[in-house]
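Read off the chains here:
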Amino acid sequence: MAVALITGSNSGIGQLSALELARRGHRVFASMRNLENARYILAKADQERLAVETIRLDVTDADSVSAAIADVTGRARRLDILVNNAGFGSSGPVEDYSDEDLKHVFETNFFGALRVTRAALPAMRAQGSGTIIMVSSISGLRTFPFLSVYSASKFALEAASNGLRYELGPFGIRVVLVEPGNFKTRAGANFHYPNRLKNGFAQGTSDPLYERLWKNYTAGRNLELGDATDVARVIADACEAKNPKARYLVGEDAEKIAALSSEDFDRMITEKMTIPK
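The following refers to the structure shown.

Criteria and thresholds
- Residues numbered from 1 in each chain as written.
- Predicted model: local features only at pLDDT ≥ 70, side-chain atom pairs only at ≥ 80, totals over all residues.
- Heavy atoms only, no water.
- Helix = DSSP H or I, 4+ residues; strand = E, 2+ residues; numbered from the N terminus.
- Rg over C-alpha atoms; globule rule 2.2 N^0.38 Å.
- Buried < 20%, exposed > 50% of the residue type's maximum accessible area, 1.4 Å probe, protein only.
- Contact = heavy atoms within 4.5 Å.
- Areas by Shrake-Rupley, 256 points an atom, 1.4 Å probe, with all protein chains shown as cover.
- Lys, Arg positive; Asp, Glu negative; His and termini not counted.
- Charge placed at Lys NZ, Arg CZ, Asp CG, Glu CD.
- Core = buried A, V, L, I, M, F, W, Y, C linked by side-chain atoms within 4.5 Å.
- Expected span 1.5 Å × (residues − 1).
- Arc of directions from axis to C-beta.
- Phe/Tyr/Trp six-rings, centres within 6.5 Å; stacked < 30°, edge-to-face > 60°.
- Lys NZ or Arg CZ within 6 Å of the ring centre and 35° of its normal.
- Pairing = 2+ DSSP bridges.
- Right-handed = clockwise from strand over helix to strand, strands pointing away.
- Axes fitted to C-alpha atoms, helices over the stretch in contact; angles between N-to-C directions.

This paragraph deals with the overall build of the protein. Helix and strand content of the protein: 10 helices and 9 strands. Computed over its C-alpha atoms, the radius of gyration of the protein comes to 19 Å, within 12% of the 19 Å expected for a compact globule of 277 residues. Taken along its principal axes, the extent of the C-alpha atoms in the protein is 65 × 40 × 35 Å. The burial tally for the protein puts 47% of its 277 residues in the buried class. Within the protein, counting contacts between residues at least 6 apart in sequence, those at least 24 apart form 73% of the total. When the accessible surface of the protein is summed, it comes to about 13700 Å², and 50% of that surface belongs to carbon and sulfur atoms. Taking the average location of the 34 positive side-chain charges in the protein and that of its 33 negative ones, the two points are 3 Å from each other.

Across soluble globular proteins, nonpolar side chains have a tendency to be buried as a group. By size, the foremost hydrophobic cluster in this structure holds 34 residues, and its most contacted members are L5, L79, I132 and M134. Breaking this core down by element, the ones donating at least two residues are β1 (3–6), α3 (62–76), α4 (99–127), β5 (130–135), α5 (148–168) and β6 (173–180). Considering each element in turn, this core owes the most residues, 9 residues, to α4. Leave out the neighbours within four places in its chain, and L79 touches V3, A4, L5, I69, V72, T73, A120, M124, Q127 and S129. One finds A38, V83, V135 and A228 within the second-largest nonpolar core, a separate group that totals 31 residues.

The terminal C-alpha atoms of helix α8 (residues 229–240), which comprises 12 residues, lie 17 Å apart, in line with the 16 Å expected from a rise of 1.5 Å per residue. What α8 keeps buried is the set V231, A232, I235, A236, A238 and C239. Down the axis of α8, the sector holding all buried residues measures 160°, keeping them to one side.

Attention shifts here to the packing of aromatic side chains. This model, assessed by the stated rule, comprises 4 aromatic pairs. Taken together, a centroid distance of 6.4 Å and an interplanar angle of 75° make the contact between F106 and F110 edge-to-face. Of this pair, F106 and F110 both sit in helix α4, 4 residues apart, which is roughly one turn of that helix. Pairing F144 with F265 gives two aromatic rings, centres 5.3 Å apart and planes at 80°, and the pair type is edge-to-face. Separated by 121 residues along the polypeptide, F144 in the loop between β5 and α5 and F265 in helix α10 (residues 262–270) bring together distant segments of the chain. Put simply, the rings of F106, F110 and F111 touch in pairs and so form one group of aromatic residues. Positioned over the ring face of F171 is R125, at 5.9 Å from the centre of the ring. For the cation-ring pair, R165 lies above Y166, with the distance from its terminal atom to the ring centre recorded as 5.1 Å.

With respect to the element layout, S31 can be found in strand β2 (residues 27–32). Since its relative accessible area comes to 0%, S31 is described here as buried. If we skip the residues at most four places from it in the chain, S31 touches L5, I6, T7, G8, S9, N10, I55 and L57.

Both faces of strand β4 (residues 81–84) are covered, namely the face carrying I81 and V83 and the face carrying L82 and N84. Inspection of the sheet shows β1 paired to β4 by 3 bridges, in the parallel sense. The partner of I6 across the bridge, within β4, is V83. Inspection of the sheet shows β4 paired to β5 by 4 bridges, in the parallel sense. Within the sheet, the bridge partner assigned to I81 lies in β5 and is T131. With α4 bridging β4 and its parallel neighbour β5, the resulting β-α-β unit is right-handed.

We now examine the environment of G172. Along the polypeptide, G172 turns up in the loop between α5 and β6. According to the relative accessible area criterion, G172 is partly exposed, its value standing at 30%. Separated by 37 residues in sequence, G172 and V135 have C-alpha atoms that sit 20 Å apart. With sequence-adjacent residues up to four places away left out, G172 is seen in contact with G128, S129 and G130.

Once that is clear, we can look at the sheet that holds β1. Within the open sheet, the 7 strands sit side by side as β3-β2-β1-β4-β5-β6-β9. Their pairing is parallel. The outermost strands of the open sheet, each flanked by one partner alone, are β3 (52–56) and β9 (247–250). In this sheet, neighbouring strand axes are inclined to one another by 20° on average, regardless of whether the strands run parallel or antiparallel. Pairing between β1 and β2: 4 bridges, direction parallel. Bridge assignment links A4 to a residue of β2, and that residue is V28. On the sheet, helix α9 (residues 252–259) packs against β6 and β9 and is oriented at approximately 115° with respect to β9.

Here is the structure:
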């Protein structure tokens, strides 16, 4: 039985991963910023008679992170698995992002993951083992228009994870990237748009060329969303693997996009990047 801490467990991939690890007999600490939302995962755990412990952890708050790690290691005396799942999507033209918008995206998606990782490392190094799962995205490998800032936060997470894998390997700590494509979650409820864009669209004052380009690019994009339990199973498998891979692409769309050459990907995008008359 391993001791696992999952961030952003109130819904989506984080919640599904916590439940999947609990099904496999691991001791699971499902963390979230607002413990009022713990009732959702606890209700599902109760239905399956799974033991899941919930704790408060806000990845943007250093004191909250330190307290959560101390709580887990104090109760369990170790920490074997950390799943850095907390994050949110963001969309809009780069021009519409203020400094505050940029910081908001990176604070959770990048700095938050590293903040929790740094807090967890002393315990893992002391025990000489551990697995850290970084939940990235296909957008951490390919940049789509209007997802530039989100992609930048995931590209940064990918770069840091690649370096950490080498730095921590000698201590018996594995760092694994999981890169999902499009899956059905509640991510839309927490989706972020820069204030300038959000307010402009609402008030009809956004740049008309950008608005037409955006609508043209997104027209007909009825994406088939996969079952997010597939991502949870991949995460759990990676946690249990003796020699996990450095990265796991999850989803047919992610695999197809990653397999495209730079030229083919560029052609796919630029064909749709035209402003209609």
